[in-house]
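One-letter residues, chain by chain:
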Amino acid sequence: MPQPAAATYQDATGQYLVWDEYMEDYVSAVSTPDVSTAEIPLQYKLVFDQAAPGLTQKIAEAQKPGESWTDTWSRIGSALLMSIQQYKLIDLNTERAKKGLPPVDIASYSGVGVNIGLSPSTQQLLLFGGLAVAALVFFNRSSK
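Description of the structure in this document. (Residues numbered from 1 in each chain as written. Predicted model: local features only at pLDDT ≥ 70, side-chain atom pairs only at ≥ 80, totals over all residues. Heavy atoms only, no water.)

### A look at the pattern of salt bridges
- The full count for this structure, using the stated rule, is four salt bridges.
- The salt bridge involving E39 is made with K45; its shortest N-O contact spans 2.7 Å.
- Residue class for E39 comes out partly exposed when judged on its relative accessible area of 36%.
- The class of K45 is partly exposed, set by a relative accessible area of 23%.
- Across the pair K98 and E95 runs a salt bridge, and its minimum N-O distance is 3.7 Å. Of this pair, K98 and E95 both sit in helix 3 (residues 69-98), three residues apart, roughly one helical turn.
- Residue classification places E95 among the partly exposed positions, given a relative accessible area of 36%. (Salt bridge = Lys/Arg side-chain N within 4 Å of Asp/Glu carboxyl O. Buried < 20%, exposed > 50% of the residue type's maximum accessible area, 1.4 Å probe, protein only. Helix = DSSP H or I, 4+ residues; strand = E, 2+ residues; numbered from the N terminus.)

Listed below in structure tokens is the structure:
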């Protein structure tokens, strides 16, 4: 059966139908497609391309072998959100610099700048404490 001219149409009952390339037939537009597949279901392709033309092509280009399209979309979305947050932070710090204020220290607001390990003052204390213990041991052994 050749693909029809219209990708969607409304039947006599008022239900919207979309053309499914794999089944080569019209299917209900409200059916729940399998989202775990590598291929984006037609129902989603139609909506995505209306909202953001070229989005389905970008998802397909970024998709790794064996990865579902939802995992790819999630990966792209999180990278996009991180970029937006970084842009907003740069914009905020630029505005603060224009006002003569210091930049926002992001480490005080989130876990991004969490230090792992000992603080420099604790490291210094342990270093001098270790040297003091070593000196005591050395003097104790040398006095015997």
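### Observations regarding a nonpolar patch on the surface
- Taken together, the side chains of L80, L81 and I84 make up a nonpolar region of the molecular surface, amounting to roughly 280 Å² of accessible area.
- With respect to the helices and strands, the residue L80 is situated in helix 3. (Patch = residues over 30% accessible without salt bridge, like charges linked within 9 Å, V, L, I, M, F, W, Y side chains within 5 Å. Areas by Shrake-Rupley, 256 points an atom, 1.4 Å probe, with all protein chains shown as cover.)

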